[in-house]
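Here's the letter readout for the chains.
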Number of protein chains: 2
Amino acid sequence: MALKHSRQRDVIKEFLMTRKDHPTADVVYMNVRQQIPNISLGTVYRNLTLLADIGEIARLRVGDGVDHFDADTSLHYHFICSECGSVIDLKMDNIDHIVDQVNAHFDGNIAGHVTYFYGTCKDCTCKSRGLAPQSQPTS
Amino acid sequence: MALKHSRQRDVIKEFLMTRKDHPTADVVYMNVRQQIPNISLGTVYRNLTLLADIGEIARLRVGDGVDHFDADTSLHYHFICSECGSVIDLKMDNIDHIVDQVNAHFDGNIAGHVTYFYGTCKDCTCKSRGLAPQSQPTS
DNA sequence: AATGAAATTAGTAATGATTCTTATTTTTAA
DNA sequence: TTAAAAATAAGAATCATTACTAATTTCATT
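Residues numbered from 1 in each chain as written. Chains lettered and ligands numbered in written order. Predicted model: local features only at pLDDT ≥ 70, side-chain atom pairs only at ≥ 80, totals over all residues. Heavy atoms only, no water.

1. Quick notes on the overall build of chain A
1) Next: Regarding its fold elements, chain A presents five helices and five strands.
2) Next: Reading chain A from its N end, one meets helices and strands in the order α-α-α-β-β-β-β-α-β-α.
3) Next: Here the C-alpha radius of gyration of chain A, 18 Å, is well above what a compact globule of 139 residues would show, namely 14 Å.
4) Next: Dimensions of chain A, computed from C-alpha atoms along their principal axes, come out at roughly 55 × 45 × 25 Å.
5) Next: Pairs at least 24 residues apart make up 47% of the contacts formed inside chain A by residues separated by at least 6 positions.
6) Next: Summing over all exposed atoms, chain A offers an accessible surface of approximately 8200 Å²; the carbon and sulfur share of this is 48%.
7) Next: Chain A carries 14 positive and 17 negative side-chain charges, and their two centres are separated by 9 Å. (Helix = DSSP H or I, 4+ residues; strand = E, 2+ residues; numbered from the N terminus. Rg over C-alpha atoms; globule rule 2.2 N^0.38 Å. Contact = heavy atoms within 4.5 Å. Areas by Shrake-Rupley, 256 points an atom, 1.4 Å probe, with all protein chains shown as cover. Lys, Arg positive; Asp, Glu negative; His and termini not counted. Charge placed at Lys NZ, Arg CZ, Asp CG, Glu CD.)

As structure tokens, then:
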């Protein structure tokens, strides 16, 4: 099944490249409709899956029950805010060495690992201290 | 809302303690029905969630779209076989030190991290080599 | 440029895990 | 014993995602 060009896929990929906040399929759908109003949600899902399968984008599973997508496929790690749910890129060294610790006691083939960090992001930490960065009512 | 005793919850917890393969809610449901035939799937979900919330069991999200549950709440890591989907306990040292690397470049509060390993388990590695441990047809 | 097979799409139905609702039953403190 | 609070069974609802299908688009070959 040779890949054929599609405008829908182009627009999806281009949108994702403009965002560094790791949007969900639904967010991609809502934004891409500004350029292709009658695009189908199924088309968004299919193309996100296809792009992830061929390695052009990354699918992020961060435990919130919804898949996130990232146009940056370089090795990096993510932080998920437990309060607002935002997914933030982290600057840190490669930690693949942790796999070595597993190999020492494990029969089987380790292909890799998934690691993400969670806690409270800067904005939510400020808010909970009553130092809301913008004017936001305390909910 | 003071916790009240319930046989359903007891049986669910007891079942989970007999298993080290991290069953899903549905597997818990099917097994627990042998002791409480008319237990409801909703009751299983509610109690698994409750037990996880009070820390008596752990909820595992391993990226396969289904929650797994573990009666062993001590710190340990898991391996997920990409072929058969089994979730296996790993023996390895605490790797919480990886959080230190994040703190160096991150404004916000890191509460912890989620790490799991994936690849091919021992059994599936053997099978793919044509060394099926039991008599299994090549699919 | 025309042809046609393969790929893609829009629209919609289906799926599957999980949560919610409600009327009924169970627990337990007083 | 009683009654309020908690828990339950059964089923409906939700939500993300996938599957289906008929129509459209792509593109290598005429």
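2. Notes on the relation of the copies chain A and chain B
1) Next: With an RMSD of 0.0 Å, chain A superimposes on chain B once it is rotated by 180° and translated 0.0 Å along the axis. Each copy turns onto its partner about a two-fold axis. Among all residues of chain A, the one whose C-alpha sits closest to the rotation axis is Thr-115 of chain A, at a distance of 2.1 Å.
2) Next: A share of 100% of the interface residues of chain A reappears at the interface of chain B, consistent with the copies meeting face to face through the same patch. (Least-squares fit on C-alpha atoms with pLDDT ≥ 70 in both.)

3. Some words on the side chain of Thr-125 of chain A
1) Next: Among the secondary structure elements, Thr-125 of chain A is positioned in helix α5 (residues 122-128).
2) Next: Within polar-contact distance, the side chain of Thr-125 of chain A engages the backbone oxygen of Thr-120 of chain A at 3.5 Å.
3) Next: Beyond its immediate sequence surroundings of up to four residues, Thr-125 of chain A is in contact with Thr-120 of chain A together with Gly-108 and Asn-109 of chain B. (Polar contact = N/O pair within 3.5 Å; in protein donor to acceptor, adjacent residues only side chain to side chain.)

4. Digging into the nonpolar core
Looking at soluble globular proteins, one finds that nonpolar side chains tend to be buried together.
1) Next: Phe-79, Leu-90 and Phe-117 of chain A together with Phe-79, Leu-90 and Phe-117 of chain B are the most contacted members of the largest nonpolar core, which totals 28 residues.
2) Next: For this core, the secondary structure elements donating two or more residues are β3 (77-81), α4 (98-103) and β5 (108-121) of chain A together with β3 (77-81), α4 (98-103) and β5 (108-121) of chain B.
3) Next: In this structure Phe-117 of chain B touches Ile-98, Val-99, Val-102, Ile-110, Gly-112 and His-113 of chain A together with Tyr-77, His-78, Phe-79, Ile-80, Leu-90 and Met-92 of chain B, once residues within four positions along its chain are discounted.
4) Next: The next biggest cluster of nonpolar side chains, apart from the first, holds 17 residues, and it includes Phe-15, Leu-48, Ala-52 and Phe-69 of chain B. (Core = buried A, V, L, I, M, F, W, Y, C linked by side-chain atoms within 4.5 Å. Buried < 20%, exposed > 50% of the residue type's maximum accessible area, 1.4 Å probe, protein only.)

5. A closer look at the interface of chain A and chain B
1) Next: Taken together, the contact between chain A and chain B spans 33 residues of the former and 33 residues of the latter.
2) Next: Overall, the association of chain A and chain B removes approximately 2800 Å² of surface from exposure, summing both partners, and the carbon and sulfur fraction of that is 66%.
3) Next: Of all residues in chain A, the largest losses of buried area upon contact with chain B belong to Gln-101, Val-114 and Tyr-118 of chain A, amounting jointly to 18% of the total for that side.
4) Next: Here chain A and chain B share two salt bridges between them.
5) Next: Our enumeration of links across chain A and chain B arrives at eleven residue pairs in polar contact (both at pLDDT 80 or more).
6) Next: Contributions of two or more residues to the side of chain A that touches chain B are made by β4 (87-90), α4, β5 and α5 of chain A.
7) Next: Looking at the side of chain A that touches chain B, the element that brings in the most residues is β5 of chain A, giving 14 residues.
8) Next: For the side of chain A that touches chain B, the per-class residue count stands at 16 nonpolar, twelve polar and five charged.
9) Next: For β5 of chain A and β5 of chain B, the ladder comprises 13 bridges, and the chain directions are antiparallel. (Buried area = accessible area lost by both parts, 1.4 Å probe. Salt bridge = Lys/Arg side-chain N within 4 Å of Asp/Glu carboxyl O. Nonpolar A, V, L, I, M, F, W, Y, C, P; charged D, E, K, R; others polar. Pairing = 2+ DSSP bridges.)

6. Concerning the sheet that holds β5 of chain B
1) Next: Pairing is mixed in the open sheet, where six strands are placed in the order β4(A)-β3(A)-β5(A)-β5(B)-β3(B)-β4(B). The open sheet terminates on both sides in strands that have one partner only, identified here as β4 of chain A together with β4 (87-90) of chain B. Averaged over all adjacent pairs, the angle separating strand axes in this sheet is 35°, with direction ignored.
2) Next: Here four bridges tie β3 of chain A to β5 of chain A, and the two strands are oriented parallel to one another. (Axes fitted to C-alpha atoms, helices over the stretch in contact; angles between N-to-C directions.)

7. Details of the packing of helix α1 (residues 7-18) of chain B against helix α3 (residues 41-53) of chain B
When two helices pack together, their arrangement is given by the angle between the helix axes and the distance between those axes.
All names here are of chain B.
1) Next: Packing of α1 against α3 brings their axes to within 10 Å, and their N-to-C directions diverge by 70°. The angle between the axes of α1 and α3 places the two elements in the roughly perpendicular class. The two elements α1 and α3 meet at a crossing, and its hand is right-handed. Only Thr-43, Val-44, Asn-47, Leu-48, Leu-50 and Leu-51 of α3 make contact with α1, whose side of the interface consists of Gln-8, Arg-9, Ile-12, Lys-13 and Leu-16. (Parallel < 35°, antiparallel > 145°, perpendicular 65-115°, else oblique. Left-handed = near helix turned anticlockwise from the far one by under 90°.)

8. Quick word on the domain arrangement of chain A
Residue and element names in this part refer to chain A.
1) Next: If you check the domain split of chain A, you get domain 1 (1-73) and domain 2 (75-134).
2) Next: If you average the C-alpha positions of domain 1 and of domain 2, the two centres end up 23 Å apart.
3) Next: Across the boundary between the two partners, domain 1 contributes eleven residues, which contact eight residues of domain 2.
4) Next: Summed over the three residues of domain 1 that lose the most area to domain 2, namely His-22, Val-62 and Asp-72, the buried surface amounts to 52% of that side.
5) Next: Counting every contact that joins domain 1 to domain 2 gives zero salt bridges.
6) Next: Joining domain 1 to domain 2, the criterion identifies five residue pairs in polar contact (both at pLDDT 80 or more).
7) Next: Where the side of domain 1 that touches domain 2 is concerned, the elements lending two or more residues are β1 (58-61) and β2 (67-70). (Domains from an automatic or database assignment.)

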